[in-house]
Each structure stands twice: as C-alpha cells, then as structure tokens.
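# Secondary and tertiary structure notes
Read off the chains here:
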Amino acid sequence: MAPSTASSEVSYLLTSLCQYAALPLLLLVAAIQGLQKTGYTDAELLRWDRVIWGRILLVVCVIYVLMQRSHNLVLLDNAVTLLGCFAAIVWLIAASKGNARRINVVFAITLLSLTASYFTQLLPMQWLIPLSFASTWGMIYPQSISTLK
C-alpha cells in the first residue's frame, strides 16, 4: 500500500470514529446526565458502569457499520442530530427545575437553534407553506375569538 493511500484511509477512519462513534456517545452521556438532573427518573437506575457503556459503544459502532454498508449515513447523521436535540431538551427541563448551570442552558439553546435551522433546510418548501399558514392562523384565531366576546 502506498503511504499516501494509507494516510488517507487512517484519516477517513479517524473522522468516521469521531463523527459516528464519539459524538453519539457524548450526546447519549449528556442526555443521561440531563435525565438524572430532571428528577422524573430514578437517578440510581441511570448510573451505569463501564461494562454497560462499553456495550453501548459497541452497539453504536455496529449501527455505524450497518449504515455505512447500506449507504444510509445521512440517516445516521439525522439520528445523531435528533439525539442531540433530545439531550438539549432534557437539559432545558433540568434548568427549569433549577438543577442545571447557565452554560448548559446556553449550549442547549444553541444546539436547538442549529438543529431547527438544519431541519428547516432539509424540509421541502411545500411542507413549510402549511406550517406557516397554521402558525399564522394560530395567531389570528385567538384575537378573533376575543373580539366576539
């Protein structure tokens, strides 16, 4: 194997591990920690040891390999984005209960706004027209009811 080919394969492998193994695992850890802080779940049930986290990482790597072989990495990107959105929502719920620091709230709001802008660009324009009509009607309808009274 030529050195340049080996270098590009190693670079691709490290990029893939960062994007499809490390990022989902970090977002999952953030979601679990946020769930522990919300108080809706028993925090002791979510305290997992290294063996369980190792198996979770193995599952994440297997999902990556299956998605790569089926050429569906875009679907995996969207799933990771939604996992980050879930983690952000959980941290906002924890912040509403007073169990999160301000920096967590800033990161959560930033991640939610980036996720919303990403999925807005993915949606076809035909889907946005009914959504904008519904939001406009939601603003007009309460005012028309108040004028009838």
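Residues numbered from 1 in each chain as written. Predicted model: local features only at pLDDT ≥ 70, side-chain atom pairs only at ≥ 80, totals over all residues. Heavy atoms only, no water.

## Topic: the overall build of the protein chain
On a plain count of helices and strands, the protein chain comes out with five helices and zero strands. Put simply, the protein chain has 149 residues, and 19% of those count as buried. For the protein chain, restricting intrachain contacts to residue pairs at least 6 apart in sequence, the fraction spanning at least 24 positions comes to 67%. (Helix = DSSP H or I, 4+ residues; strand = E, 2+ residues; numbered from the N terminus. Buried < 20%, exposed > 50% of the residue type's maximum accessible area, 1.4 Å probe, protein only. Contact = heavy atoms within 4.5 Å.)

## A short note on helix α2 (residues 50-69)
Compared with an ideal rise of 1.5 Å per residue, which puts 20 residues at 28 Å, α2 spans 29 Å between its outermost C-alpha atoms and is within 8% of the ideal. Just downstream of α2 lies His-71, where phi reads positive at about 60°. (Expected span 1.5 Å × (residues − 1).)

## Some thoughts on the layout of surface pockets
In this model, the largest pocket occupies a volume close to 220 Å³. Lining the largest pocket are Tyr-20, Pro-24, Leu-28, Ile-56, Val-59, Val-60, Ile-63, Tyr-64, Leu-76, Ala-79, Val-80 and Leu-83. Breaking the lining of the largest pocket down by element, the ones donating at least two residues are α1 (3-38), α2 and α3 (73-96). Sorting elements by how many residues they give to the lining of the largest pocket places α2 first, with five residues. (1 Å grid on protein atoms, 1.4 Å probe; cavity = no way out; pocket = protein on both sides within 12 Å on 5 of 7 lines; lining within 4 Å. Points joined across faces, edges and corners; volume = space filled by probe spheres on them.)

## Focus on the side chain of Thr-38
As for its placement among the helices and strands, Thr-38 is situated in helix α1. According to the relative accessible area criterion, Thr-38 is buried, its value standing at 4%. Apart from the residues lying within four places of it in its own chain, the contact partners of Thr-38 are Val-90, Ile-93, Ala-94 and Lys-97.

## So, α3
Here α3 is 24 residues long and its end C-alpha atoms lie 35 Å apart, about the 34 Å a rise of 1.5 Å per residue gives. Leu-76, Asn-78, Val-80, Gly-84, Cys-85, Ala-87, Ala-88, Val-90, Trp-91 and Ala-94 are the residues of α3 that are buried.

## Examining the packing of aromatic side chains
Taken as a whole and judged by the stated rule, the model has two aromatic pairs. The interplanar angle of 20° and the centroid separation of 5.0 Å between the aromatic rings of Tyr-20 and Tyr-64 together place this pair among those described as stacked. Placement of the pair is Tyr-20 in helix α1 and Tyr-64 in helix α2, with a sequence separation of 44 residues. The burial state of Tyr-20 is the same as that of Tyr-64; both residues are buried. (Phe/Tyr/Trp six-rings, centres within 6.5 Å; stacked < 30°, edge-to-face > 60°.)

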